[in-house]
Amino acid sequence: MAKLQAGYLFPEIARRRAAHILKYPDAQVISLGIGDTTEPIPEVITSAMAQRSHSLSTLEGYSGYGAEQGEKKLRAAIASTFYADMGIEESDIFVSDGAKCDISRLQLLFGSNVTMAVQDPSYPAYVDSSVIMGQTGQFQKDIEKYGNIEYMRCSPENGFFPDLSTIQKTDIIFFCSPNNPTGSAATREQLTQLVRFAKENGSIIVYDSAYAMYISDDRPRSIFEIPGAKEVAIETTSFSKYAGFTGVRLGWTVVPKELLFSDGFPVAKDFNRIVCTCFNGASNIAQAGGLACLSPEGLKAMHEVVSFYKDNTKLIVDTFNSLGFKVYGGEHAPYVWVHFPGRSSWDVFAEILEKTHIVTTPGSGFGPGGEGFIRVSAFGHRGNVLEACKRFKLLYK
Amino acid sequence: MYYHQIQLSPCISVRPSLMLKPRMVQTSGEVVKTERRRVDHCTRVPRNVNLEKLRNGYLFPEIGMRENEHLQKYPYAKLISLGIGDTTEPIPDIITSNMVEQAQALSTVKGYKGYGAEQGNKSLRKAIADVIYRGLKVKDTEIFVSDGAQCDISRLQLLLGSNVTMAVQDPSFPAYIDSGVIIGQAGELQEETGKYWNIEYMKCGPQNNFFPDLSTTARTDIIFFCSPNNPTGYAASRKQLEQLVEFARKNGSIIIYDSAYAAYISDDSPRSIFEIPGAREVAIEVSSFSKFAGFTGVRLGWTVVPEELCFANGFPVIKDFNRIVCTCFNGASNIAQAGGLACLSPEGSMAVRGVIDYYKENARIILDTFASLGLKAYGGKNAPYVWVHFPGSSSWDVFDEILEKTHISTVPGRGFGPGGEEYIRVSAFGHRESILEASMRLKNLFR
């Protein structure tokens, strides 16, 4: 714990936002910082949750402890909806209260004696949970990196896919695609390379696909679309950014039966033990919501919400493009990654906040590779996003 | 029918294509089916040695499996589950209607909520402070709402890390030991005693009135203490808890006090460790809505970390726990929290009280049943568990016998630690008819 440098990134952003509001109580602050969904959950989904809540008051409908791995129907629906034809079965799926929680449970599974690689920049929970677990060395202030972590630089220069020929072998490789924060989504060819790299090195990929539904073309939505992935990868994902479940709390992790430790022991068995001991299942009400999400009506509704946020993203991309910025992401993810060459990202963050009352996220919060970039998230009411675009234009004309 | 799976350890040398030996299914000497399973690849990631130290599956899924096997064997048996402590009675309307409302509100522009504070909704934190800790000076800012005590225990272990020593009651709720093993605190398992080297086991039995003899207890960094106790049902007295707090203070230890069953207390035993002066500097309290409000599936609990509680270097524990909560967790479900808030309203509290009294009456029936059979039964007065002594027996054998002969599942005391051997835990959750039926069957068996 002592090795962690500061608070977790997003509460820090929230703190800055709160301080700003105190300073300017009449300002209309627009939050494009923390990637928090804003649009109401479609009724087909909430009515299922309302129904489940109500049924808990009835004799026939009351349910106590659920299976720690999740309700059978939901696991089956996840398997058939997202992993049809990939050889992933219901029993490979572990329903959770969200990807962030799963990441820590996976760290508990791996223990402190493994090495890890992360993309740089990356979602802070991978590094932070690794530090907490004791896998890392001390933080080296000069390079802004923890000892014992392999940072895989992802930048415009390498198309936001790491040059694997320069990456050291590690036990675990965290890979998020579509990426938070850069918005870049790996191609089939790139993921094939990644799987091969993991296979050659005997590594396990922890693949975070929380934004897969935002993909705009036919690039892979799951690591398991890649042949051989089942023997090298775990996939973790979430209903948060699809169904607006950021507060409802529901996600899942796939651990294929074929994934084995070096002694042949199935990883899924140990993960199951973790889930049974350190967790007690996702809320039954949230799971009822999840099942409704995966009905035909629910899927359609989720796609509509995702579309809405994607339209927001386009507005933001266009705005920064029109201002002459080098803009990345935004096509396959609800994040726009804007380059401010030569500038400190916390300074840019502060300037944008001060001058336009818009909260963003400084790229260096995601790792040293994020320096010089700002992440603008595309969650928000359309009116706020349009207003934000206007303010950006005024600031950077 | 016996399944025999011969599996080579295929990954000692990394070979491109390894075949596992065929799986043979034999019935009366006849090989019925063979299956070849092909494993092409093992990773080179070492299995976590801590997980290797766990000998069996977690206790309660084991019980669940035994129940399923039993049902397969006797498909027409009316299995009565007095094993896993799972609540059975519907949640009062006043609480679920709040959850219904919250769910529906999420479909509206005004009512939609995204990420909540990782520590929990302010209103719920306040309600817990005001209602549960009335008069006890616990601040809402010291309360961390969670998805349940089992999850909090592991987050606390993440907080404490592998370099601390722990003490547990023996017997105790298995998650304390198992999570300690997982995080690397426990050391090796001694097969003969069934104890982990680095864990201090504080025996709790009739001989010491279910409160450990602290004078013979070694100092450890952490002391897990559950009262009212799962599985023994014993609630520590004020005097005993004062001793415990003093012991912790003297030794510079942190007590993790599990008060998940406080609502079942019938006498004036303390309902919170914070009723004891000085506890704020030595204790964390974990609790849950599970057994209090039937939220076993809804998932809601909380942990109290007092501001005064500091590590050896003076660093406030609450700051580190907050960091864990922000990094490894993302808050309890907003719908569950709405339910929690309703539980703590005056009407909600009353309604919940009704359900708790129902289970307590069940416990009384079970206690009476065993008493009438001349068996020594403990607990049952301040907790929904009855702890029955079968001297000289193996608790798994008694568990098997009860299950086989009466179709009632219980929990063998050995599952809670070596100190549980010779005991059976009978849980009092169940529909009244099931409890009465179980009582009858037990009387028939043991008369």
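Nothing here was measured: the structure is a model prediction, and the numbers come from that model. (Residues numbered from 1 in each chain as written. Chains lettered and ligands numbered in written order. Predicted model: local features only at pLDDT ≥ 70, side-chain atom pairs only at ≥ 80, totals over all residues. Heavy atoms only, no water.)

Residues and elements named next belong to chain A. Because side chains alternate across strand β10 (residues 251-254), one face comprises the buried residues Gly251 and Thr253, and the other comprises Trp252 and Val254, equally buried. In terms of strand pairing, strand β2 (residues 93-96) meets β10 through four bridges, oriented antiparallel. Along β10, the bridge assignment pairs Ile93 with Val254. (Buried < 20%, exposed > 50% of the residue type's maximum accessible area, 1.4 Å probe, protein only. Helix = DSSP H or I, 4+ residues; strand = E, 2+ residues; numbered from the N terminus. Pairing = 2+ DSSP bridges.)

A few words now on the environment of Ala383(B). Residue and element names in this part refer to chain B. Within the secondary structure, Ala383 sits in the loop between β16 (376-379) and β17 (385-389). According to the relative accessible area criterion, Ala383 is buried, its value standing at 2%. A C-alpha to C-alpha distance of 4.9 Å links Ala383 and Gly233, two positions 150 residues apart in sequence. Once residues within four sequence positions are removed from consideration, Ala383 is found in contact with Pro228, Asn229, Gly233, Tyr264 and Ala363. (Contact = heavy atoms within 4.5 Å.)

As a further point, take the UniProt feature "domain: Aminotransferase class I/classII large" (unreviewed entry) in chain B. Here the UniProt-annotated "domain: Aminotransferase class I/classII large" (unreviewed entry) positions come out as residues 78-431 of chain B. Helix makes up 35% of residues 78-431 of chain B and strand 16%. Its end C-alpha atoms lie 13 Å apart. (UniProt positions renumbered as here; feature names shortened; annotations may be inferred.)

The subject of this paragraph is the UniProt feature "domain: Aminotransferase class I/classII large" (unreviewed entry) in chain A. Sites flagged by UniProt as "domain: Aminotransferase class I/classII large" (unreviewed entry) map to residues 28-392 of chain A. Within residues 28-392 of chain A, the helical portion is 37% and the strand portion 16%, while the C-alpha atoms at the span's ends are 14 Å from each other.

In this section: the side chain of Thr37(A). Within the secondary structure, Thr37(A) sits in the loop between β1 (30-31) and α2 (43-55). For Thr37(A), a relative accessible area of 2% corresponds to the buried category. There is a polar contact of 2.9 Å between the side chain of Thr37(A) and the side chain of Thr246(A). Of note is the side chain of Thr37(A), whose polar atom sits 2.7 Å from the side chain of Tyr112(B). When neighbours within four sequence positions are excluded, Thr37(A) is seen to be in contact with Ser240(A), Lys241(A), Gly244(A), Thr246(A), Tyr309(A), Phe379(A), Tyr112(B) and Gly114(B). (Polar contact = N/O pair within 3.5 Å; in protein donor to acceptor, adjacent residues only side chain to side chain.)

The accessible area lost on association of the parts is a frequent measure of interface size. Residue and element names in this part refer to chain A. The assigned domain composition of chain A is domain 1 (9-40 + 297-396) and domain 2 (46-295). The C-alpha centroid of domain 2 is placed 25 Å from the C-alpha centroid of domain 1. The interface of domain 1 with domain 2 comprises 31 residues on the first partner and 37 residues on the second. Where domain 1 abuts domain 2, roughly 2,800 Å² becomes buried across the two surfaces, and 64% of that area is made up of carbon and sulfur atoms. Three residues, Met302, His332 and Pro368, lead the burial of domain 1 against domain 2; their summed loss comes to 26% of the area buried on that side. The interface formed by domain 1 and domain 2 includes zero salt bridges. Viewed at the interface, domain 2 and domain 1 are joined by 18 residue pairs in polar contact (both at pLDDT 80 or more). Mapped by element, the contributors of at least two residues to the side of domain 1 that touches domain 2 are α1 (9-23), α10 (296-322), β11 (327-329), β12 (335-339) and β15 (373-377). For the side of domain 1 that touches domain 2, the residue count by class is 16 nonpolar, ten polar and five charged. (Domains from an automatic or database assignment. Buried area = accessible area lost by both parts, 1.4 Å probe. Salt bridge = Lys/Arg side-chain N within 4 Å of Asp/Glu carboxyl O. Nonpolar A, V, L, I, M, F, W, Y, C, P; charged D, E, K, R; others polar.)

Taken together, the contact between chain B and chain A spans 74 residues of the former and 82 residues of the latter. Carbon and sulfur atoms supply 58% of the area that chain B and chain A bury against each other, a total of about 6,400 Å² over both sides. Summed over the shared surface of chain B and chain A, the number is three salt bridges. Where Asp270(A) meets Arg47(B), a salt bridge forms, and the shortest distance between an N and an O atom there is 2.7 Å. Here chain B is connected to chain A by 39 residue pairs in polar contact (both at pLDDT 80 or more).

The subject of this paragraph is the packing of helix α3 (residues 93-105) of chain B against helix α10 (residues 334-343) of chain B. Residue and element names in this part refer to chain B. Between α3 and α10, the shortest axis-to-axis distance is 8 Å and the interhelical angle comes to 145°. Pair α3 / α10 crosses with right-handed handedness. Here Ile94, Ile95, Asn98, Met99, Gln102 and Ala103 of α3 come into contact with α10, specifically with Asn334, Ile335, Ala336, Ala338, Gly339, Ala342 and Cys343. In the contact of α3 with α10, the residues fall into nine nonpolar, four polar and no charged. (Axes fitted to C-alpha atoms, helices over the stretch in contact; angles between N-to-C directions. Left-handed = near helix turned anticlockwise from the far one by under 90°.)

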